[in-house]
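Summary of the model geometry
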Amino acid sequence: MSTIIPKGYETKLGVIETQVAIKKLKDYFEHRLGEELNLIRVSSPLFVLPETGANDNLNGEKAVSFDIPCMDKYAEIVQSLAKWKRLALKKYRFNVGKGLYTDMNAIRKNEDLDNIHSLYVDQWDWELVIDKESRNEKTLIDVVNKLYKVFKDTEEFVCSTYPSIERILPEKITFITSQELEDMYPELTPKEREDRIVKAKGAVFLMKIGKVLSSGEKHDGRSPDYDDWELNGDILFYNPVLGNTLELSSMGIRVDEESLERQLKLSNCEDRKKFDYHKMLLNGELPYTVGGGIGQSRICMYFLRKAHIGEVQVGIWPEDMIRECSSMGVELL
C-alpha cells in the first residue's frame, strides 16, 4: 500500500461542496452517456450464481462469495457485468444500434489500496448492440470518439459550475496500440509506457490489450471471454494532481464465436465452454455488442481534481493511510 500526497495539495472543494458536486457530475455524465450512445438505464444484479458463467474472473481474482441456505447454493458478488449485459440485451430484445447502461457495484477484496484503488468498485457498465459486419476497428474508434465527447462535455459542465477547476482535456483523444507503444518505449515497463504517452498527449485510447506482444509479454491481462483482444482498449487520462495516468474506462467489441474459441485456447480456459453463457455464445444465440465500464468515483476524482479516491468515495482505509492523508490536508470520507 502506498499513498502519494502532492506537495502543497489543496482541495478545490470542501467536503459538503464535494458531495453536492458528485451528484451533479454523475447526473450530467449519466444523461450524456445515454444520449450519445442511445442507451437506456436498466437495473442489474449485485450477485450471480457462479455455475452460470456470467461473472468475470478478471485476471484470475477470486470473487467474494456467500452461501444461500434456502437454495443450498453459493452466490458471487459480481466483478463486472460484461457478460450479464449481453444476456440482458438478448432477454430484453434490444435491436441493433440500441443498448443499455447500469450502475455496477463490486467488491475487490484483493485490491492493493492506494490513491486510486479501493475495496469498492462503482462504475457505469454499458453495452450496445451492433451487427457482425460492424465488429471492426472503425466501429471501436467511432464509439470511443463519442465517449470522449461525453467526457469533454462533462469537463465543460464542471468547469462552468466550479470556476476554480480549469479545463485540461485536449481537443481530441490519441489512438495507439499496445504494440506501437512497446515499440516506442521498449526499455520501459507497461505502466511507465502509459505514463510517458499519456503525459505527452493528455488523453489516450490504448488499443489491443490482452494479447502477447513481440517482446513475448502482455501489456496487461484481460479475461478471454468478453473483450476481443484485437478490438478493445483503455481510456487513459493524464492526472495533473498526481502527475500520472488515470484509467477511466476499459472497453471493447465483445468476442464472437471465433474469437472466443481462439482466446479460450490461448488462455488454457477451454473448460469454460461448459458454462451456460459460453454455450449460448458459441451457438450464436447472443447479440454482437460493444461495451465497457466507466469508473464513477474515478471520474469524480478526475474532474474535481482530488488526490485520493477516498475523497469522493466512502471506504475502509488502513490507519496509517488515514493519518498520513489527514496530516497533508486530504480528508478521506
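You'll find the structure just up there.
What comes next is a walk through the structure. (Residues numbered from 1 in each chain as written. Predicted model: local features only at pLDDT ≥ 70, side-chain atom pairs only at ≥ 80, totals over all residues. Heavy atoms only, no water.)

**Description of the pairing of strand β11 (residues 288-295)**
- Within β11, eight of the eight residues are buried, which leaves the element mostly enclosed by the surrounding structure.
- Residue alternation in β11 divides its side chains into two sets, Y288, V290, G292 and I294 and T289, G291, G293 and G295, and both sets are buried.
- Note that strand β10 (residues 244-254) and β11 share five bridges and pair antiparallel. When the sheet's bridge partners are listed, I253 is paired in β11 with V290. (Buried < 20%, exposed > 50% of the residue type's maximum accessible area, 1.4 Å probe, protein only. Helix = DSSP H or I, 4+ residues; strand = E, 2+ residues; numbered from the N terminus. Pairing = 2+ DSSP bridges.)

**A closer look at the sheet that holds strand β4 (residues 73-77)**
- Strand order in the open sheet formed by three strands is β2-β4-β3, and the pairing between neighbours is antiparallel. This sheet does not close on itself; its edge strands, each paired only once, are β2 (47-48) and β3 (65-68).
- Sheet topology places β3 next to β4; four bridges connect them, and they run antiparallel. Bridging from a neighbouring strand, S65 pairs with E76 of β4.

**A closer look at the nonpolar core**
- L33, W126, F151, F237, M251, I294 and I299 are the most contacted members of the largest nonpolar core, which totals 59 residues.
- The leading source of residues in this core is helix α3 (residues 137-161), at nine residues.
- If you look at the next biggest cluster of nonpolar residues, it comprises 13 residues, including V78, F94, L100 and V129. (Core = buried A, V, L, I, M, F, W, Y, C linked by side-chain atoms within 4.5 Å.)

**Structural notes on helix α6 (residues 257-266)**
- All buried positions along α6 are accounted for by E257, S259, L260, Q263 and L264. All buried residues of α6 fall inside an arc of 165° around its axis, so they share one side. Along α6, exposed side chains directed more than 90 degrees from the buried face belong to K265 and L266.
- On its buried face, α6 sits against β9 (227-239), α7 (276-282) and β11.
- At the N-terminal end of α6, a side-chain oxygen is found 3.3 Å from the backbone nitrogen of E258, two or three residues along, and the residue is D256.
- One or two residues past the end of α6 sits N268, with phi positive at roughly 55°. (Arc of directions from axis to C-beta. Contact = heavy atoms within 4.5 Å. Polar contact = N/O pair within 3.5 Å; in protein donor to acceptor, adjacent residues only side chain to side chain.)

**So, the pattern of salt bridges**
- Using the criterion set out here, one finds 33 salt bridges in the structure.
- D220 serves as the salt-bridge partner of R222, at 3.3 Å between the closest nitrogen and oxygen.
- According to the relative accessible area criterion, R222 is buried, its value standing at 12%.
- In this structure, the salt-bridge partner of D271 is K274, at a minimum N-O distance of 4.0 Å.
- For K274, a relative accessible area of 52% translates into the label exposed.
- What you see here is one network of salt bridges that share partners, running through K132, R135, D228, D256, E257, E258 and R262. (Salt bridge = Lys/Arg side-chain N within 4 Å of Asp/Glu carboxyl O.)

**Overview of the side chain of N244**
- Its place among the elements puts N244 in strand β10.
- In this structure, N244 is in contact with I4, D195, F237, Y238 and N239, ignoring residues within four places of it in sequence.

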